[in-house]
Amino acid sequence: MEKIKGVGICGSPRKNGNSATIMKYILDGVKKAGGESKIIYLNDFLFKGCQACKICAKNGKCIIEDTLTPVFDTLFEAKIWVLASPIYYDSISGQMKLFFDRCRWLTWVDGEMKPRLKGKRRAVIIVTYGDKRERKEYFHEGEKLAYYLSWMGDFGDVKIISEGGLMDEKDIYSKPHVLKYAEEIGYKLAKELI
Ligand SMILES: Cc1cc2nc3c(=O)[nH]c(=O)nc-3n(C[C@H](O)[C@H](O)[C@H](O)COP(=O)(O)O)c2cc1C
């Protein structure tokens, strides 16, 4: 039987930062359930945002050819997507926003707005932030991405992890319960798809 593939899409420039660490624990959970995983560090890629050319609405494919183009093969294969982003100025990071805009072509099939990704998938969206107060609007940043994932494929009930008080890179280790939950959720989601 083919192994369940998980992909981590890291929108932080900090490869060992808070959001990336939570993401890795989720992917560890996927591996514990017998799956495999790959990480895309968006900051390593030089790529353009959506050009609003609308050609994908007609031919179903993004015409931009750049370093992000081969990443879509990984995204098509992965049944579990884990999107990780810091909050920068009350929003997801620029890297994540640019990536998300480039996924626009995944919302078009044969000239109609329909999910292009086939089959059942699962997703977790992680947002981390410095503010020690619970910020509902930051959770909402995650909810927005979850909503738009539903335009691309059948991701079911997307999980959102929104954690504050995480200013320095390693702050997440002061919240072992979050990391435990992350690993458990990765395991559970992979098992759901097996
Ligand atoms: C450019 C920049 C803007 C930021 N803006 C906010 C903000 O608006 N609200 C907040 O609570 N934290 C803000 N932060 C703090 C980060 O969200 C926080 O350190 C986050 O946990 C970083 O995630 P990472 O470790 O995965 O990179 C900002 C940090 C940077 C570098």
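Placed above this text is the structure.
Report follows, based on the coordinates. Note that this is a predicted model, so its numbers are computed, not measured.

In the vicinity of the ligand there are 18 residues, among which Gly17, Ser19, Pro86, Gly130 and Asp131 approach most closely. Where the shell around the ligand is concerned, the elements lending two or more residues are α1 (18-32) and β3 (80-88). Taken together, the residues of the shell around the ligand break down into eight nonpolar, six polar and four charged.

So, about helix α4 (residues 94-102). Here α4 has its buried residues at Gln95, Met96, Phe99, Phe100 and Arg102. When α4 is viewed along its axis, its buried side chains cluster within an angular range of 160° and face the same direction. On its buried face, α4 is in contact with β1 (5-10), β3, β4 (91-92) and α5 (136-149).

This part is about the pairing of strand β8 (residues 159-163). Across the five residues of β8, four count as buried, placing the element largely inside the fold. Judged from the five bridges that link them, strand β7 (residues 122-128) and β8 form a sheet pairing that is parallel. Each residue of the ladder has a partner; that of Ile126, found in β8, is Ile161. Taking the sense of rotation as the criterion, the β-α-β connection linking β7, α5 and β8 turns out right-handed.

Cut-offs used in this document
Residues numbered from 1 in each chain as written. Predicted model: local features only at pLDDT ≥ 70, side-chain atom pairs only at ≥ 80, totals over all residues. Near = placed C-beta within 6 Å. Helix = DSSP H or I, 4+ residues; strand = E, 2+ residues; numbered from the N terminus. Nonpolar A, V, L, I, M, F, W, Y, C, P; charged D, E, K, R; others polar. Buried ≥ 20, exposed ≤ 12 C-beta atoms within 10 Å, placed from the backbone. Arc of directions from axis to C-beta. Contact = placed C-beta atoms within 7 Å. Pairing = 2+ DSSP bridges. Right-handed = clockwise from strand over helix to strand, strands pointing away.

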